[in-house]
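# Structural overview for review
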Amino acid sequence: MPKKYAKILYKSPIGILSLVADDHYLFGIWVEAQSYFERGLSLGNLVEVESHPILNQIASYLDAYFKGQNQDLSQLPLAPVGSDFEKRVWNYLRRIPFGQTVTYGQIAKDLQIASAQAIGGAVGRNPWSILVPCHRVLGAGNRLTGYASGIDKKAWLLKHEGAVFQENKE
């Protein structure tokens with residue numbers, strides 16, 4: 001019998017978020033219809049619930065975030081998913097402060113990885129949108145680039161945090 005995961009839909013200013021957890025870990029936060037939406041899960045092992053201890057805690061974190069409050073998220077019970085490389089990148093993302101940004105190139109330099117493109121791939125597969133702040137990663141020259149749920153949502157999140165970035169002029 002496949003493992004079951006609890007799911008709560010959370011209404012946010014950037015759209016409906018799917019919050020998914022088991023009894024011990026948060027497996028993901030995804031904006032509906034984003035790239036890698038509910039990656040690794042299937043409808044057969046998701047149970048929509050009204051309340052769940054981990055998901056209620058995550059919803060409280062998100063409530064505070066959308067009110068502009070910065071919180072210590074270091075104790076979030078994140079599921080041990082992903083490759084060792086992805087985990088290194090995601091751990092780095094967790095240390096980017098609210099309202100601050102870094103570039104893919106800076107992460108590559110700091111982690112001693114030859115390819116900023118490889119960093120971009122790992123950042124794009126981050127399953128914990130917003131709380132593991134992949135939206136705080138920018139392209140060269142602090143340019144707004146790539147976001148699994150859309151560049152408009154990334155821009156909204158960065159503006160919400162008061163971060164400085166260069167919007168792409170078409």
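Structure: above.
This write-up is about the structure you can find in this document. (Residues numbered from 1 in each chain as written. Predicted model: local features only at pLDDT ≥ 70, side-chain atom pairs only at ≥ 80, totals over all residues. Heavy atoms only, no water.)

### Here we look at the overall build of the protein
Basically, it comes down to this: Every helix listed is a DSSP run of H or I at least four residues long, and every strand listed is a run of E at least two residues long, numbered separately from the N terminus. Taken over C-alpha atoms, the radius of gyration is set against a globule rule of 2.2 Å times the number of residues to the power 0.38. The classification of residues rests on relative accessible area computed with a 1.4 Å probe and restricted to protein chains. Under 20% of the type maximum is buried, over 50% is exposed, and intermediate values are partly exposed. A contact between two residues is defined here by any heavy atoms of the two lying within 4.5 Å. Only the protein chains shown count as covering a residue, and every accessible area follows the Shrake-Rupley method with a 1.4 Å probe. None of His or the chain ends enter the tally, which takes Lys and Arg as positive and Asp and Glu as negative. Charge positions are represented by NZ for Lys, CZ for Arg, CG for Asp and CD for Glu.
When helices and strands are tallied, the protein shows five helices and six strands. When the elements of the protein are put in sequence order from the N terminus, they spell out β-β-β-β-α-α-β-α-α-β-α. A compact globule built from 170 residues would reach a C-alpha radius of gyration of about 15 Å, and the protein, at 16 Å, matches this within 12%. Dimensions of the protein along its principal axes, counting C-alpha atoms only, are 45 × 35 × 30 Å. Residue burial in the protein is summarised as follows: out of 170 residues, 48% are buried. Sequence separation of 24 or more characterises 59% of the internal contacts of the protein that already satisfy a separation of 6 or more. On the protein, roughly 8700 Å² of surface is accessible, and the fraction owed to carbon and sulfur atoms is 49%. Here the protein carries 18 positive and 15 negative side-chain charges, and the mean point of each set is 5 Å from the other.

### Notes on the environment of isoleucine 151
Its location among the elements puts isoleucine 151 in helix α5 (residues 151-161). Discounting chain neighbours no more than four positions away, the residues touching isoleucine 151 are Leu144, Thr145 and Gly146.

### Considering the packing of aromatic side chains
Stated formally: Side-chain rings of Phe, Tyr and Trp (the six-membered ring for Trp) are treated as a pair once their centres are within 6.5 Å; stacked means planes under 30 degrees apart, edge-to-face means over 60, and tilted covers the remaining angles.
Taken as a whole and assessed by the stated rule, the structure comprises seven aromatic pairs. Ring geometry for tyrosine 65 against phenylalanine 66: centres 5.2 Å apart, planes inclined by 80°, an arrangement best described as edge-to-face. Here phenylalanine 66 falls in the buried class, since its relative accessible area comes to 14%. Considering the side-chain rings of tyrosine 65 and phenylalanine 98, the 5.9 Å spacing of their centres and the 70° angle between planes classify their relative orientation as edge-to-face. One end of the pair, tyrosine 65, is in helix α1 (residues 53-66); the other, phenylalanine 98, is in the loop between α2 (84-94) and β5 (102-103), and 33 residues separate them in sequence. For tyrosine 65, a relative accessible area of 5% puts it in the buried group. Linked through ring pairs, Tyr10, Tyr65, Phe66, Phe98 and Trp156 together constitute an aromatic cluster.

### Overview of the pairing of strand β2 (residues 15-21)
Selection criterion: We treat two strands as partners when DSSP finds at least two bridges between them.
For β2, a buried count of five out of seven residues is recorded, marking the element as mostly surrounded by other parts of the structure. Sheet analysis places strand β1 (residues 5-12) next to β2, joined by seven bridges and oriented antiparallel. Across the sheet, residue tyrosine 10 finds its bridge partner in β2, namely leucine 17. Hairpin geometry of β1 and β2 is characterised by an intervening segment of two residues between the two adjacent antiparallel strands. Between β2 and strand β3 (residues 26-31), which follow one another and run antiparallel, lie four residues.

### Let's talk about α2
Short version of the rule: The directions considered for the arc run from the helix axis to the C-beta atoms.
For α2, the complete set of buried residues consists of Glu86, Val89, Trp90, Tyr92 and Leu93. Looking straight down α2, one finds that the buried residues subtend no more than 155° of arc, so they occupy a single side. On its buried side, α2 packs onto β5, α3 (104-110), α4 (116-124) and β6 (137-138).

### Overview of the environment of tryptophan 156
Structurally, tryptophan 156 can be placed in helix α5. On the accessibility criterion, tryptophan 156 (32% relative accessible area) is partly exposed. Once the C-alpha coordinates of tryptophan 156 and tyrosine 65 are considered, the two residues, 91 residues apart in sequence, prove to be 13 Å apart. Excluding anything up to four places from it in sequence, tryptophan 156 contacts Pro13, Ile14 and Phe66.

### Describing the sheet that holds strand β4 (residues 46-48)
We apply this condition: For helices, the fitted line uses only the C-alpha atoms of the stretch in contact; every axis is such a line through C-alpha atoms, and the angle between N-to-C directions lies from 0 to 180 degrees.
Read across the sheet, four strands follow the order β3-β2-β1-β4 without closing on themselves; strand pairing throughout is mixed. If you trace the sheet from one side to the other, it starts and ends with β3 and β4, each paired once. Sheet twist, expressed as the average angle between the axes of neighbouring strands with direction ignored, equals 30°. Judged from the five bridges that link them, β2 and β3 form a sheet pairing that is antiparallel. Bridging across to β3, serine 18 finds its partner in tryptophan 30.

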